[in-house]
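Observations on the model geometry
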Amino acid sequence: MRRIVPALVLLLACVPCVRAAEAEEQRSDVDKSVDKALDFLHNQQNPDGSWNVFRGGKSPAITSLSVMAFLSAGHVPGEGKHGDTVRKGIEWVLSQQLPNGLITSDAHHEMYHHGICTIMLAEAAGMTEGKLGDDVRRKLEKAVQIILRGQRTTGVDKGGWRYRVEGTDSDISVTGWQLMALRAAKNLGCDVPPEAIDRAVEYVKRCQDPASGGFRYMVRAGVTVPCTGTSILGLELCGKDEHRSPEVLKAGSYLLRNLPRWGDGHFFYTIYYCTQATFQLGGNYWDAYRPRMQEVLLKNQANNGSWTGNVGEDSQLGPNYGTAMAVLALTVEYRFLPIYQRGEEPVEKEK
């Protein structure tokens, strides 16, 4: 008996360890990858709550993308393992808003920063309570007004946006961020005139190339994969009658002919928008894109949990940018961010 009792105690003590090991094995490779990436971002955050651009200063846009990465994995301000990280990031972005409502650190690309920050505030508003929640909603309203003011009003660029608040030209890249920001803010109850979204949708549709189904960077520019993903998402989420329309499905087929490859230009921007676009389309589009996206990202994640591109903007913006965008792609099925939601009506498999 004296020998049996210690053995039994030891056996029972090992049960929690076995269960923990089994639970870890049951977690998917994607879950593990996301956790590792968020630990990297946590360690890269500055004491004031901001994140830096590579070899540069503090960036409202990259800080907002990093905050959204945590939110997309279910981490909310002030709660749990990364609660303080998220809270500090939101507070820092709020502190960067100018009196007129603009949020930027780059005068030449101010609408990139502003659109991304506005999306983050709109997504965070529904997850934030108390004084911080009040501050987020108040400053979000001012940010929305800047976007509405910057929408172009004449010519073929009517309905779009470009790098600066003031101007007459537009492009799909900048327009996509603003359109998503307006949609997210409208979902939250902000005053967004429906005609502003309608004008943006019409601009996006003018940029489609009927022959390939892809979308151009500008009305008279060339077709690109990232602009096609951006446009599909905008039409799927904002177009009244565009959900799985023939034009959108043709654009989806263009994406499937151009699946992601590590090292392509604008890789992280592409993977972010095309993942969301094919997720919204569902069916064979998502079934084809999802495994390739996950394979490419998991294969190229660094040991410290980060992703860093090696060409163009991916290299220049650095690992905080690449890691945040990769997490936002990997977590699209988690559906914690309101902008990731989609209808659950049955989708027929395409032939």
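The structure under discussion appears in the preceding block.
Residues numbered from 1 in each chain as written. Predicted model: local features only at pLDDT ≥ 70, side-chain atom pairs only at ≥ 80, totals over all residues. Heavy atoms only, no water.

Looking only at helices and strands, one finds 14 helices and two strands in the protein. Looking at the 351 residues of the protein, the share that counts as buried comes to 52%. Taking as baseline every contact in the protein between residues at least 6 positions apart, the subset at least 24 positions apart corresponds to 67%. Of the roughly 15,800 Å² of accessible surface on the protein, a fraction of 53% belongs to carbon and sulfur atoms. (Helix = DSSP H or I, 4+ residues; strand = E, 2+ residues; numbered from the N terminus. Buried < 20%, exposed > 50% of the residue type's maximum accessible area, 1.4 Å probe, protein only. Contact = heavy atoms within 4.5 Å. Areas by Shrake-Rupley, 256 points an atom, 1.4 Å probe, with all protein chains shown as cover.)

In this section: the pattern of salt bridges. Evaluation of the coordinates by the stated rule reveals 16 salt bridges. For E166, the salt bridge goes to R149, with nearest N and O atoms at 3.1 Å. Taken as a pair, E166 in the loop between α6 (130-150) and α7 (172-188) and R149 in helix α6 lie far apart in primary sequence, 17 residues in all. Residue class for R149 comes out partly exposed when judged on its relative accessible area of 47%. Several salt bridges share partner residues, and in doing so they unite R152, R162, D169 and D171 into one network. (Salt bridge = Lys/Arg side-chain N within 4 Å of Asp/Glu carboxyl O.)

Now for the packing of aromatic side chains. Applying the stated rule across the entire model yields 13 aromatic pairs. Ring centres of Y112 and Y163 lie 5.8 Å apart, and the angle between their planes is 35 degrees; this geometry places the pair in the tilted category. With Y112 in helix α5 (residues 110-125) and Y163 in the loop between α6 and α7, this pair connects stretches of sequence that are 51 residues apart. Ring centres of W177 and Y269 lie 6.2 Å apart, and the angle between their planes is 65 degrees; on these two criteria the pair is classed as edge-to-face. Highlighted residues: W177 in helix α7 and Y269 in helix α11 (residues 267-281), separated in sequence by 92 residues. Here W177 falls in the buried class, since its relative accessible area comes to 3%. The exposure class assigned to Y269 is buried, which follows from its relative accessible area of 8%. Members of the aromatic cluster, each reached through a chain of ring pairs, are W177, Y269, Y272 and Y273. Between R162 and the ring centre of Y163, over which it is positioned, the NZ or CZ distance is 4.4 Å. (Phe/Tyr/Trp six-rings, centres within 6.5 Å; stacked < 30°, edge-to-face > 60°. Lys NZ or Arg CZ within 6 Å of the ring centre and 35° of its normal.)

Here we come to α11. For α11, which comprises 15 residues, the first-to-last C-alpha distance of 21 Å matches the rise-based estimate of 21 Å (1.5 Å per residue) to within 8%. α11 sits mainly inside the fold: 15 of its 15 residues count as buried. With its phi angle positive at about 70 degrees, G282 sits one or two positions after the end of α11. (Expected span 1.5 Å × (residues − 1).)

The biggest cluster of nonpolar side chains holds 100 residues, and the ones touching the most others in it are L65, I90, W177, M180 and L297. Those residues in contact with W177 that lie beyond four places of it in its chain are L65, Y112, G115, I116, I119, Y269, Y272, Y273 and M325. (Core = buried A, V, L, I, M, F, W, Y, C linked by side-chain atoms within 4.5 Å.)

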